Amino acid sequence: MNKRKKYIFGNWKSNKDSVEVREWFKTFTSFYKQAKNLLTPDLEIVIFPSFTYLPLANTLIKEYQVPLKLGSQDISPFGKGAWTGEVAADQLSEWVNYVIIGHSERRNNFHEKDSLLQKKVEEALRGNLIPVYCIQDENTHIPSGVTIVAYEPVWAIGTGKTDSPENAGSVANSVKRNKNIKIVIYGGSVKPDNIDGFLQDKNIDGVLPGGASLDAKVFWELIKHVAGV
Ligand code: 13P
């Protein structure tokens, strides 16, 4: 029987410079080399660095031969063209497989609304990128075409407080049943000492750590939990 696929997505937000990105990969690789068989194909491990470090991360993935994929933290709602400051799907698809859309930090600090997020999802799909669509609760609108949803309660982000696995599981269940979403992951202060509760819920397919993904050693610890070690 195939093992259920599990997802661990590290959102680096606006952190790290090129020296720190290199350090992260060096440390990550040192752990990976000691336990290569831990990273089986049923684990989907994706990191989301800032736009500027996507090419560097891509180079380091190849150089160190680590089974990581890349995602971006945002995407332009438009295609290529005269949109100063934006990064379009066709540019991103050179580097990434995934894109986070609708993170509450963007909704709250950059006033991104459902109509704009819908366009970003359309652009991602047009560029063959997989949107990781963030919802704040089960009532958040989800654009059509989305298959992966990240449930991230605003009050749990960067606060050290998590939702209970029971409530997160019930939100995941509701979204899967009512909105026909295939994959739901949980984000909000995920750490090695609280991850297991979320992984044990049958409706939660993985996690989206922010702070805990910045340290390669801690991220590796999370991976070990997801791998069931
Ligand atoms: P923290 O894990 O730092 O709470 O961040 C969660 C998050 O916002 C991931 O997108």
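Everything that follows concerns the structure shown earlier in this document.
This one's a predicted model, so the numbers in the text were calculated from it and none came from an experiment.

1. Section: the site of the ligand
Right, on to step 1. Lining the immediate environment of the ligand, one finds 13 residues, of which Lys-13, His-103, Gly-158, Ser-189 and Gly-210 sit closest.
Right, on to step 2. Within the contact set of the ligand, an oxygen atom lies 2.8 Å away from a side-chain nitrogen or oxygen of Lys-13.
Right, on to step 3. Within the backbone of Gly-211, one N or O atom sits 2.9 Å away from an oxygen atom of the ligand.
Right, on to step 4. For the shell around the ligand, the per-class residue count stands at 4 nonpolar, 7 polar and 2 charged.

2. Topic: the side chain of Asn-58
Right, on to step 1. Along the chain, Asn-58 turns up in helix 2 (residues 54-64).
Right, on to step 2. Of the residues examined, Asn-58 reaches a relative accessible area of 17% and is grouped as buried.
Right, on to step 3. Among all residues touching Asn-58, those that are not within four sequence positions of it are Leu-70 and Trp-95.

3. Describing the sheet that holds strand 5 (residues 130-135)
Right, on to step 1. A barrel is described by the order of its strands in space; here 8 strands give the closed sequence 1-2-3-4-5-6-7-8, paired in parallel fashion.
Right, on to step 2. Where strand 2 (residues 43-48) lies against strand 3 (residues 69-72), 2 bridges are found, and the strand directions are parallel. Residue pairing for strand 3: Val-46 is matched across the bridge by Lys-69.

What counts, and at which threshold
Residues numbered from 1 in each chain as written. Predicted model: local features only at pLDDT ≥ 70, side-chain atom pairs only at ≥ 80, totals over all residues. Heavy atoms only, no water. Near = heavy atom within 4 Å. Polar contact = N/O pair within 3.5 Å; in protein donor to acceptor, adjacent residues only side chain to side chain. Nonpolar A, V, L, I, M, F, W, Y, C, P; charged D, E, K, R; others polar. Helix = DSSP H or I, 4+ residues; strand = E, 2+ residues; numbered from the N terminus. Buried < 20%, exposed > 50% of the residue type's maximum accessible area, 1.4 Å probe, protein only. Contact = heavy atoms within 4.5 Å. Pairing = 2+ DSSP bridges.

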